[in-house]
Structure formats: C-alpha cells, structure tokens
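A structural walkthrough
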Amino acid sequence: MTVEMALENITTEIKNDVLIITINRPDKLNALNKQTIEELHETFVDAENDKNIRALIITGSGQKAFVAGADIAEFANYSVEEGKQLSSIGHFKIFNFIENYSKPVIGAVNGFALGGGLELAMACHIRVASSNAKMGLPEVSLGVIPGYGGTQRLAQLVGKGKAFEMIVTADMVNAEDAYKWGLVNYVTTQEELLNKCFEITAKISTKSPVAVRTAIRVINAGFNNKQNGYEVEIEEFGKSFASGDFKEGVTAFLEKRKAQFPGN
Ligand code: COA
C-alpha cells in the first residue's frame with residue numbers, strides 16, 4: 001500500500017494481510033486532533049482499494065492510552081458552527097466511515113479510551129481490550145455531549161440503561177465490566193492484545209472478501225432507520241449467488257478442499 005501523504009500522527013505497518021494503524025501522539029495520550037482525523041481518513045481510503053489488506057487493526061501508541069478523546073485544546077474556543085462542523089466532519093471522515101468500511105476493523109484498546117477514543121473503538125466492528133483499559137464518555141464533565149456517535153453506538157452496544165448511566169455520570173468502566181456489558185469482545189493482557197486481534201484476523205483472511213464486505217453492510221443496515229435490515233439481507237443474500245467467491249466456496253466444499261477466493 002502507498003500512503004502518499006507524510007503521516008505525522010499515525011504510523012502504519014502491514015503484517016501478512018493486516019494493516020495495523022497506530023495513533024501516535026503519546027505525549028497527548030493520542031488525542032484526536034484535526035490532523036490525526038485527516039491522516040486516519042486518508043489511510044483508510046488508501047487501504048480500501050488494496051486487495052492485499054483483508055482487515056485492519058487500530059490502536060494507540062504507548063502503554064497508557066488508546067485515545068484519550070478529541071483534542072480538547074483544539075476545540076476550546078469553538079463557536080456553535082465550528083462545533084457542529086467538528087462533529088459532522090468526524091462522523092463523515094472517520095466514525096461512520098469505519099463503521100461502514102468494506103473490511104473488518106478491530107479496535108485494540110490498549111489503555112484509556114475516552115470520549116472520541118471510545119467512540120473510535122465503538123465505530124470499529126470488533127473490540128479487544130487490554131486489562132488496564134479504561135473506557136468512558138466524559139464529555140458532560142466539559143459541558144458538551146459525545147459528538148462522534150457515542151450517544152448512539154454506546155446504547156447499541158451496552159443497551160440504553162447502561163449508556164444513560166455512563167454518559168450522564170461520565171464514569172469510566174474497566175475492561176472487565178466492559179466485557180461483561182458487551183462493550184468489548186475480549187480482554188487480554190497488554191502483551192497479548194495484538195496477538196488476540198491477529199487470531200481474529202487470521203480467521204477473516206480465509207473467508208470470502210465479498211461475503212465479509214456484504215455481511216458488514218447488511219448488519220449495519222439493521223441499525224439504519226432508513227433501511228429494513230431484513231429486506232437488505234434478502235437482496236444481498238440473492239446477489240451472493242452471482243459472485244466468483246460463492247462459486248469457489250461451494251466448489252471447494254464439494255471437492256473437499258480449502259477455498260481460494262478470487263474476491264469478486
Ligand atoms: N485532549 C488534549 N490533550 C489531552 C487529552 C485530550 N482529550 N487528554 C490528555 N491530554 C494531554 C494532557 O493535556 C497532557 O498534556 P500536557 O502534558 O501537555 O499537559 C497529556 O495529555 C497527559 O495527560 P494527563 O492529564 O497529564 O495524564 P493523566 O494520567 O494525569 O490523566 C486522563 C489521564 C486520561 C484521565 C486525562 O488526561 C483526561 O482526563 N483526559 C481528557 C479525557 C476527556 O475528557 N476526553 C474527552 C474529550 S471530549
């Protein structure tokens with residue numbers, strides 16, 4: 001993959017067919033400023049067309065934080081209009097973008113995931129946390145509300161009651177509670193965090209890229225109030241029968257061999 005822009009705040013690394021994106025502002029606990037949002041967006045756009053990348057992992061640099069939120073210093077003097085813009089650009093460029101991404105994205109939550117950090121993790125399809133992770137939406141402590149999808153996605157993941165409690169108290173939850181509540185899929189030690197993510201991506205790599213992409217779209221359709229998830233499922237299920245991946249998958253099964261999906 002070729003990332004044309006010089007990246008200041010993120011680093012990328014490819015391991016087998018997985019792109020690992022690390023947010024790299026450790027002195028600011030990896031807080032998301034505009035530049036970081038832009039760099040993340042460009043990286044995701046770039047990786048989308050790269051057939052060699054089957055899944056992405058996003059994590060934070062250092063031992064302490066995944067992402068400690070949107071960069072508070074950057075928005076401290078914003079007007080109403082600028083606040084609205086900040087939120088809508090974030091939704092468009094990162095949070096909705098990742099949620100609807102065509103390849104699975106795993107959030108490797110290696111420490112504090114607060115505000116925009118937890119929102120980033122929640123936009124990912126799967127979350128794995130290290131046992132030191134602390135997660136919360138503390139925006140009401142600052143006199144704002146979550147603006148990167150947190151009010152919606154937290155309720156989807158943990159239910160409305162827990163979401164209300166976390167948002168209005170600004171309390172942080174530890175990894176163990178986050179696991180119990182369904183906010184993260186797994187908890188590991190910090191050392192094992194990426195390995196657990198690779199265990200998941202290794203499974204994805206053997207599956208049909210077309211079917212994986214379609215499954216992401218259809219699952220999301222059920223959470224989009226302009227779509228009927230069941231109807232979208234029927235349509236997309238039918239379309240699967242025209243794909244090269246389907247032909248190969250079924251043929252391989254009948255021939256008792258591993259499928260080599262063409263990805264079309
Ligand atoms: N935006 C901008 N800078 C941030 C930040 C954020 N969201 N979170 C942390 N930082 C910066 C701090 O200002 C500090 O910078 P400095 O050394 O230049 O002063 C540095 O990161 C280290 O943070 P610090 O607060 O000293 O670490 P800590 O261990 O004492 O506390 C936290 C860790 C996560 C509890 C604390 O940093 C915090 O509450 N951060 C804000 C979380 C938040 O409200 N996020 C939602 C934003 S909408």
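Treat the numbers as computed from the prediction; the structure is a model and nothing was measured. (Residues numbered from 1 in each chain as written. Predicted model: local features only at pLDDT ≥ 70, side-chain atom pairs only at ≥ 80, totals over all residues. Heavy atoms only, no water.)

**Focus: the pattern of salt bridges**
Between side chains of opposite charge, pairing is possible as soon as their charged atoms come close. Scanning the model with the defined rule gives ten salt bridges in all. Two residues, glutamate 248 and arginine 257, come together in a salt bridge whose shortest N-O distance is 2.8 Å. Overlapping salt bridges bring together Glu176, Asp177 and Lys180 as one network. (Salt bridge = Lys/Arg side-chain N within 4 Å of Asp/Glu carboxyl O.)

**Digging into the sheet that holds strand β4 (residues 65–67)**
Read across the open sheet, the four strands follow the order β4-β6-β8-β9; overall the sheet is mixed. Here the strands that pair on one side only, and so sit at the sheet edges, are β4 and β9 (173–174). Note: strand β6 (residues 112–114) against strand β8 (residues 134–136), three bridges, orientation parallel. Directly across from phenylalanine 112, in β8, lies its bridge partner lysine 134. (Pairing = 2+ DSSP bridges. Helix = DSSP H or I, 4+ residues; strand = E, 2+ residues; numbered from the N terminus.)

**Let's talk about helix α7 (residues 160–169)**
Among the residues making up α7, those that are buried are Ala163, Met166 and Ile167. Looking straight down α7, one finds that the buried residues subtend no more than 90° of arc, so they occupy a single side. Away from its buried face by more than 90 degrees, α7 exposes Gly161, Phe164 and Val168. Where the residues of α7 are buried, they touch α4 (116–123), β8, α5 (139–142), α6 (150–158), β9 and α8 (175–181). (Buried < 20%, exposed > 50% of the residue type's maximum accessible area, 1.4 Å probe, protein only. Arc of directions from axis to C-beta. Contact = heavy atoms within 4.5 Å.)

**Let's talk about the nonpolar core**
Counting 43 residues, the largest nonpolar core has Met135 and Leu183 as the members making the most contacts within it. Excluding its chain neighbours within four sequence positions, the residues that come into contact with leucine 183 are Leu118, Met122, Arg127, Met135, Leu154, Leu157, Val158, Met166, Val173 and Ala178. Counting eleven residues, the second largest nonpolar core, distinct from the first, contains Ile57, Ile126, Ile200 and Ile204. (Core = buried A, V, L, I, M, F, W, Y, C linked by side-chain atoms within 4.5 Å.)

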